[in-house]
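Okay, here's what each chain looks like letter by letter:
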Amino acid sequence: MMKQAVLRAPERLDVSQVERPALEPGDVLVRVESSLVCGTDIRIYQGTKKRNVTYPTVMGHEFAGTIAEVAGALPAGLSIGDQVAVYPLVPCGACVACAKDRGNICRNRAAFGYQLPGGFSQYVRVPAQAVEAGNLVPVPGVSAAEAAIVEPLACAYNGQLLAGAPGAETMLVSGCGPLGLMHVRLARELGVPRVVAVDPIPERREAALASGAELALSPGEGTAADVLEWTGGAGVDVLIAAVGRLDAVHPYLACLAPGARVSMFAGFGGEGSVLEIPANDIHYNEWSVVGASSCRLDGFTKIAEMISAGELRVDDLVGTQFPIDDMAKAIDLAASGRDLRVGISPWKD
């Protein structure tokens, strides 16, 4: 038997004892040691994310644990007891997106956390297709929570590459929650010399400065002008929307440089959110607007290696970790924005 948090309907979550998953040939059973709460989990819980979500469901796509059991042979380099982070997407391998090596936007993909049972559980079955595809990524030498944070950091890495962060001179990160702070750190790691961050919460602005931002500002009527002045009038090369609010984007269009890239990184609650940019501004300035959906397996693996090697500090991004019985409290705290990466330790009393 094991404990598992099951979402029966929006805001109807219960934790109960269920049977451990039975394995089919090629499957692997992971003993979950840490599972973090993402904005996507919050939207699923609240019912604002509906696409591909069916009930009952087991949320949690940012998780890590140890290999506990295998029905067959493990891939080379993995052994029982190894700590792994689980890449949360299982692409179909046959669609147009997969043919272009963009399995993270495969329309037929299955995702842990709402299509496959996710990490808000003491054990997770990783199906053979995912095992064969390389979804079990070793993350040795760090805590389970640090291993679980590979996934959101890999998403930030995907967004940075799509927005052309390498080679940029300046970047504006709008929103300094845990993912915004990850963006600041990654930007510096990727060689962006100057980063400015914007957030209304003083503690988060301080954290952005500690993460490598040169300047941290509170949003207001004059903030875009302050950013433009900070660039000497040149404007910022990359704008990262690290929070799903249109007012985290619109004001800062006024401080974009020629040839700038805007990354709509965060997910937006509600299907009716519309980003409005004057067409001629895009035309005459050659601006690019890019999305960023989840992460690629190669980026996930690279980030896992960087965290294991100590090249990226992430332990200070881990917030309160609750026992699984307090799953609803963990979601409420994460939704409040008062903490860093909130999560659960499924075996904690």
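You'll find the structure just up there.
As the structure is a prediction and not an experimental result, all values here were calculated from the model. (Residues numbered from 1 in each chain as written. Predicted model: local features only at pLDDT ≥ 70, side-chain atom pairs only at ≥ 80, totals over all residues. Heavy atoms only, no water.)

> What's the story with unusual backbone geometry in this structure? I'm lost.
Leaving glycine out, the prevailing phi sign among residues is negative, and the prevailing peptide bond configuration is trans. Pro56 follows Tyr55 through a cis peptide bond whose omega is 0 degrees. The phi dihedral of Asn52 is positive, around 65 degrees, even though this residue is not glycine. Its place among the elements puts Asn52 in the loop between helix H1 (39–46) and strand S4 (62–70). With a relative accessible area of 44%, Asn52 lands in the partly exposed category. Backbone geometry at Asp101 places phi at a positive 60 degrees, although glycine is not the residue there. Among the structural elements, Asp101 can be located in the loop between helix H2 (96–99) and strand S7 (110–111). Relative accessible area serves as the criterion here: at 52%, Asp101 is assigned to the exposed category. (Helix = DSSP H or I, 4+ residues; strand = E, 2+ residues; numbered from the N terminus. Buried < 20%, exposed > 50% of the residue type's maximum accessible area, 1.4 Å probe, protein only.)

> Is there a simple way to explain the pairing of S4 in this structure?
Within a regular strand, side chains alternate between the sheet's two faces. Bridging between strand S3 (residues 28–36) and S4 involves 8 bridges; their strand directions are antiparallel. Within S4, the position partnered with Val30 by the bridge is Ile67. (Pairing = 2+ DSSP bridges.)

> Explain the sheet that holds strand S15 (residues 288–291) here, please?
The strands that make up a sheet pair up through hydrogen bonds in the backbone, lying either parallel or antiparallel. Spatial ordering of the open sheet is given by S12-S11-S10-S13-S14-S15, a layout of 6 strands whose pairing is parallel. In this open sheet, the two strands that pair with only one neighbour each are strand S12 (215–217) and S15. In this sheet, neighbouring strand axes are inclined to one another by 20 degrees on average, regardless of whether the strands run parallel or antiparallel. (Axes fitted to C-alpha atoms, helices over the stretch in contact; angles between N-to-C directions.)

> Could you clarify how one ought to interpret the packing of aromatic side chains in this entry?
In total, this model carries 3 aromatic pairs according to the counting rule given. Here the aromatic rings of Phe63 and Phe112 are separated by 6.0 Å at their centres, their planes lie at 70 degrees, and the arrangement is edge-to-face. Of this pair, Phe63 sits in strand S4 while Phe112 sits in the loop between S7 and strand S8 (123–126), and the two are 49 residues apart along the sequence. Looking at Phe112, the relative accessible area reads 1%, which means it is buried. Here Tyr123 and Trp347 contribute two aromatic rings whose centre-to-centre distance is 5.5 Å and whose plane-to-plane angle is 85 degrees, an arrangement assigned as edge-to-face. You can see Tyr123 sitting in strand S8 and its partner Trp347 sitting in the segment after strand S17 (341–345), a full 224 residues away along the chain. Owing to a relative accessible area of 11%, Tyr123 belongs among the buried residues under this scheme. Trp347 sits in the partly exposed class, given a relative accessible area of 32%. The ring of Trp347 carries the charged tip of Arg31 above its face, separated from the ring centre by 3.8 Å. (Phe/Tyr/Trp six-rings, centres within 6.5 Å; stacked < 30°, edge-to-face > 60°. Lys NZ or Arg CZ within 6 Å of the ring centre and 35° of its normal.)

> What is the right way to read the nonpolar core from this model?
The tendency in soluble globular proteins is for nonpolar side chains to be buried side by side. One finds Met171 and Ile303 to be the most contacted residues of the largest nonpolar core, which totals 68 residues. Excluding residues within four positions of it along the chain, Ile303 makes contact with Val150, Leu153, Ala154, Tyr157, Leu186 and Leu312. Core analysis: the second largest hydrophobic core is formed by 21 residues, Val196, Val198, Val236 and Tyr252 among them. (Core = buried A, V, L, I, M, F, W, Y, C linked by side-chain atoms within 4.5 Å. Contact = heavy atoms within 4.5 Å.)

> Which parts of the structure should I look at to understand the packing of helix H5 (residues 150–162) against helix H6 (residues 178–189)?
Axis angle and axis distance: for two packed helices, these are the angle between their axes and the distance between the axes, and together they describe the pair. Here H5 crosses H6 at 55 degrees, and the two axes come no closer than 9 Å. Considering the angle they form, H5 stands oblique to H6. Crossing angle aside, the handedness with which H5 passes H6 is right-handed. Seen from H5, the contacting residues are Pro152, Leu153, Ala156, Tyr157 and Gln160; seen from H6, they are Leu179, Met182, His183, Leu186 and Ala187. Partitioned by chemical class, the residues of the contact of H5 with H6 number 8 nonpolar, 2 polar and no charged. (Parallel < 35°, antiparallel > 145°, perpendicular 65-115°, else oblique. Left-handed = near helix turned anticlockwise from the far one by under 90°. Nonpolar A, V, L, I, M, F, W, Y, C, P; charged D, E, K, R; others polar.)

> Would you explain helix H7 (residues 202–211) in this entry?
Because the α-helix completes a turn every 3.6 residues, residues three or four places apart line up on one side. Those residues of H7 lying buried are Arg204, Arg205, Ala208 and Ser211. An end-on view of H7 places all buried positions within 120 degrees of arc, on one side of the element. Turned more than 90 degrees away from the buried face of H7, the exposed residues are Glu203, Glu206 and Ala210. Summarising the contacts, the buried residues of H7 are in contact with H6, strand S11 (194–198) and S12. (Arc of directions from axis to C-beta.)

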